[in-house]
Amino acid sequence: ADSERMEGQLQNLGIRPYNEETDQGRKADMVVLNTCSIRDHAEQKVYSYIGPYAKRKREGEDVTIIVAGCVAQQEGEALLRRAPEVDLVMGPQYANRLADLLEDVANGNQVVATEASHIMEDSTKPRRQSTVAAWVNVIYGCNERCTYCIVPTTRGVEQSRPVESIVQEVTELVSQGYKEVTLLGQNIDAYGRDMIPKRKFSDLMRTVGSIPGLKRLRFVTSHPRYMSLGVIDAVAETPTACLNFHIPPQSGSNEVLEAMGRGHTREKFLQIIDRIRQRLPDAAITADMIVGFPGETEEQFLDTLKLMEEVKFDSVNTAAYSPRPNTPAADWDNQIDEDVKKDRLQRINRLNLKHAAERRSRMLGRIEEVLVEERNVKVPTQVMGRTTHGYIVYFEGDIDELRGQLVEVKIEVCQTYYLAGTMLSRKNGSD
């Protein structure tokens, strides 16, 4: 979403994206690196990416180098000391103020914009990467203090957007032909708790979900500590809401969860899952898990595998713990050996693949509604779409005719991470 907003501002300034086909023999005049600091070695990778462009600048070429996002926020002025060729360092809270910052750069200044800032409503329009599905931020920042996570440091405190602004943005997207919207927040269940009077995310879902012309509504990411049962009810009672929940427990061990500072237990997480299964038994549930967190024992790791067996997630984003700068857990002396982390990651991934295949196998022979998004790049005669569960589906069809259409597909092939079938008909009113 931040990348789309920045691209929209650049295009408003007359700066168009570099095209390898039409711009052959030329090089980009401006480079924007939008960074994420969650994964391991993020800082080193950023400096590696900067290298070739910094070399161009040292050799006298006129190229503007911008580093944005979480690594920029984390590194701040240190980034300029290490890579003095960079023109602009900007945290994610400045994503909708890129044009103003570039004016300072044009005046010959090196700019570091990382101080805390209230995120203003953005009058610029994002340059969307899809013509069918769009992301819409509803809350910025995060007030949690998980001991492994850099996000609160880099993205600031929670700031909810006004309901009216969100409705206006989604309404405009629908008028432009978008069929699906994903409401986005680092901790989306916290939406509205910083407002006066306070508001509920479940109410926002119902409001946005009732916008005329919107076909599908998704949301990420839910935090087990704050996710209310009312959100599950809102999904069940809102026809446009998709049957897809992303709720990361991060671990199946209460001891590890406490060390992580997650603020919830295994039991609380399972209560949420039970409610989803009761109200929406066909819903897909996805998650994130960290293995090898400092101090994690083999027994505690097995608790995570047991949780996965109990829930049977549709897919899990897995990661071996890696120390992030300026996080408490990075300085603990009970770090897990890399070989142990690698072994646990392999074991959890095997179980993840098994469950993903099991969950998708229930689709065999079913007729599912699919929203067509793009061409299948590997098989040009096929198109790619998704079910309400978020499952990818491939089938024969003309992308120019079907993009943005809701169609009925009979599922004939179930693989670990995709389905395939035959289109039966288009849904009425999908135009």
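Note: the structure precedes this text.
Residues numbered from 1 in each chain as written. Predicted model: local features only at pLDDT ≥ 70, side-chain atom pairs only at ≥ 80, totals over all residues. Heavy atoms only, no water.

Engineer: When you look at helix H1 (residues 2–12) in this model, what are you seeing that I'm missing?
Structural biologist: Count 3.6 residues to each turn of an α-helix, and residues three or four apart come out pointing the same way. Buried within H1 we find Asp2, Glu4, Arg5, Met6, Gly8, Gln9 and Leu10. Two residues or fewer after H1 comes Gly14, characterised by a positive phi angle close to 85°. (Buried < 20%, exposed > 50% of the residue type's maximum accessible area, 1.4 Å probe, protein only. Helix = DSSP H or I, 4+ residues; strand = E, 2+ residues; numbered from the N terminus.)

Engineer: I keep staring at the packing of helix H12 (residues 298–311) against helix H13 (residues 338–361) and nothing clicks. Help me out?
Structural biologist: A pair of packed helices is captured by two measures, namely the crossing angle of their axes and the spacing between those axes. Following both chains from N to C, one finds H12 and H13 inclined at 10°, their axes separated by 10 Å at the closest point. Here H13 runs roughly parallel to H12, going by the angle between their axes. Of the residues in H13, those in contact with Glu298, Phe301, Leu302, Thr304, Leu305, Met308 and Glu309 of H12 are Arg344, Arg347, Ile348, Leu351, Asn352, Lys354 and His355. In terms of residue class, the contact of H12 with H13 is made up of six nonpolar, three polar and five charged. (Axes fitted to C-alpha atoms, helices over the stretch in contact; angles between N-to-C directions. Parallel < 35°, antiparallel > 145°, perpendicular 65-115°, else oblique. Contact = heavy atoms within 4.5 Å. Nonpolar A, V, L, I, M, F, W, Y, C, P; charged D, E, K, R; others polar.)

Engineer: I tried to follow the sheet that holds strand E16 (residues 419–426) on my own but got confused; where do I start?
Structural biologist: Taken in spatial order, the five strands line up as E12-E13-E14-E16-E15 and close into a barrel, and their pairing is mixed. Strand-to-strand twist across the sheet, computed as the mean angle between neighbouring axes with direction ignored, equals 55°. Relative to strand E15 (residues 406–414), strand E12 (residues 367–375) runs antiparallel, the two sharing five bridges. When the sheet's bridge partners are listed, Leu371 is paired in E15 with Leu406. (Pairing = 2+ DSSP bridges.)

Engineer: What is the right way to read the packing of aromatic side chains from this model?
Structural biologist: Aromatic rings considered in pairs are described by the distance between their centres and by the relative angle of their planes. Scanning the model with the defined rule gives seven aromatic pairs in all. Ring pairs connect the aromatic residues Tyr148, Phe293, Tyr321 and Trp332, which therefore count as one cluster. The ring of Tyr47 carries Arg82 above its face, with NZ or CZ at 3.9 Å from the centroid. The ring of Tyr226 is capped by Arg193, whose NZ or CZ atom sits 4.3 Å from the centre of that ring. (Phe/Tyr/Trp six-rings, centres within 6.5 Å; stacked < 30°, edge-to-face > 60°. Lys NZ or Arg CZ within 6 Å of the ring centre and 35° of its normal.)

Engineer: Explanation requested: the layout of surface pockets in the structure shown.
Structural biologist: Space left empty within the atom packing is revealed by a probe, the size of a water molecule, rolled over the atoms. As a volume, the second largest pocket reaches approximately 600 Å³. Looking at the lining of the second largest pocket, the elements that each hand over two or more residues are H1 and strand E1 (30–35). Counting residues per element, the lining of the second largest pocket draws most heavily on H1, which supplies five residues. In terms of residue class, the lining of the second largest pocket is made up of eight nonpolar, four polar and six charged. (1 Å grid on protein atoms, 1.4 Å probe; cavity = no way out; pocket = protein on both sides within 12 Å on 5 of 7 lines; lining within 4 Å. Points joined across faces, edges and corners; volume = space filled by probe spheres on them.)

Engineer: Any chance you could explain the sheet that holds strand E5 (residues 133–140) here in plain terms?
Structural biologist: Within a beta sheet, neighbouring strands are joined by backbone hydrogen bonds and run either parallel or antiparallel to one another. Strands sit in the order E6-E5-E7-E8 across an open sheet of four strands; the sheet is mixed. Two strands close off the open sheet at either side, each with one partner strand: strand E6 (159–160) and strand E8 (216–220). As paired elements, strand E7 (residues 180–185) and E8 share five bridges and run parallel to each other. When the bridges of E8 are listed, Val181 appears paired with Leu217. Of the strands in this sheet, E5, E7 and E8 are in contact with helix H8 (residues 201–209), which crosses E8 at around 155°.

Engineer: Help me understand the environment of Val31 in this model?
Structural biologist: On the secondary structure map, Val31 appears in strand E1. On the basis of relative accessibility, which here comes to 9%, the residue Val31 falls in the buried class. In this structure, the C-alpha to C-alpha distance between Val31 and Ile66, residues 35 residues apart in sequence, is 6.1 Å. With sequence-adjacent residues up to four places away left out, Val31 is seen in contact with Tyr53, Val63, Thr64, Ile65 and Ile66.

Engineer: Which parts of the structure should I look at to understand H13?
Structural biologist: Between its first and last C-alpha, H13 extends 35 Å over 24 residues, near the 34 Å set by a 1.5 Å rise per residue. Listed in full, the buried residues belonging to H13 are Lys341, Arg344, Ile348, Leu351, Asn352, His355, Ala356, Arg359 and Arg360. Looking at the buried residues of H13, the elements they touch are helix H11 (266–279), strand E10 (284–291), H12, strand E11 (315–320), E15 and E16. A side-chain oxygen of the first residue of H13 lies 2.9 Å from the backbone nitrogen of Asp339; this N-cap is Asp337. (Expected span 1.5 Å × (residues − 1). Polar contact = N/O pair within 3.5 Å; in protein donor to acceptor, adjacent residues only side chain to side chain.)

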